[in-house]
Amino acid sequence: MANQELLILAGHAWQCPDCRRLLLEAPEKALRGHRLTPDEHERLTSLTAEDFTSLSALAKALDVEVSDLYDIMNHARTRLRHF
Ligand SMILES: [Zn+2]
């Protein structure tokens, strides 16, 4: 399973339009201070608006299982985790 931190950040960006906009427009600012590996940081930084058209597109862009993204959506930390 992918790093929880990556999934939580991606899941929150999926749920929260404000944080999604920040991630797409200023990824370095959005991701500052989060515990990500350089590879995970790169994957989140590379996301585009099209990657958010569906959950499966987002999972594919991040190279994670769509089921892992589904699971993380119900996590309290995902819902409350503003960037
Ligand atoms: Zn948010």
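Note that the coordinates shown come from a computational prediction; the quantities given were computed from them, not determined experimentally.

K.L.:
I'd like to hear about helix α1 (residues 4-15), residue by residue, with values.
P.N.:
In a regular helix each residue adds 1.5 Å, so 12 residues correspond to 16 Å; α1 covers 16 Å between its end C-alpha atoms and thus fits that length. Regarding α1, the residues found buried are L6, L7, L9, A10, G11, H12 and A13. Looking at the buried positions of α1, the neighbouring elements they touch are α2 (17-25), α4 (38-45), α5 (55-62), α6 (66-73) and α7 (76-80).

K.L.:
Describe the environment of L36, naming the residues involved and giving the relevant values.
P.N.:
Structurally, the position occupied by L36 is in the loop between α3 (27-31) and α4. Along the chain, L36 and N3 lie 33 residues apart, while their C-alpha atoms are 8.3 Å from each other.

K.L.:
Could you give an account of the nonpolar core, naming the residues involved and the relevant values?
P.N.:
Core analysis: the biggest nonpolar cluster contains 14 residues, and L6, L7, A10, L62 and L69 have the highest contact counts within it. Top contributing element to this core by residue count: α1, with five residues. Other than its neighbours up to four places away in sequence, A10 contacts L44, L58, L62 and L69.

K.L.:
For the packing of α1 against α6, give the residues involved together with the corresponding values.
P.N.:
Between α1 and α6, whose axes approach to 9 Å, the crossing angle comes to 70°. As the angle between them shows, α1 and α6 are arranged roughly perpendicular. For the pair formed by α1 and α6, the contact residues are L7, I8, A10, G11 and Q15 on the first element and D68, L69, I72 and M73 on the second. Here the contact of α1 with α6 is built from residues that sort into six nonpolar, two polar and one charged.

K.L.:
Account for the environment of G33, naming residues and giving values.
P.N.:
The residue G33 is located in the loop between α3 and α4 in this model. Distance from G33 to S67, taken between C-alpha atoms, is 27 Å for residues 34 residues apart in sequence.

Reading guide: rules and limits
Residues numbered from 1 in each chain as written. Predicted model: local features only at pLDDT ≥ 70, side-chain atom pairs only at ≥ 80, totals over all residues. Helix = DSSP H or I, 4+ residues; strand = E, 2+ residues; numbered from the N terminus. Expected span 1.5 Å × (residues − 1). Buried ≥ 20, exposed ≤ 12 C-beta atoms within 10 Å, placed from the backbone. Contact = placed C-beta atoms within 7 Å. Core = buried A, V, L, I, M, F, W, Y, C linked by C-beta atoms within 7 Å. Axes fitted to C-alpha atoms, helices over the stretch in contact; angles between N-to-C directions. Parallel < 35°, antiparallel > 145°, perpendicular 65-115°, else oblique. Nonpolar A, V, L, I, M, F, W, Y, C, P; charged D, E, K, R; others polar.

Such coordinate-based values are descriptive only and should not be taken to indicate function.
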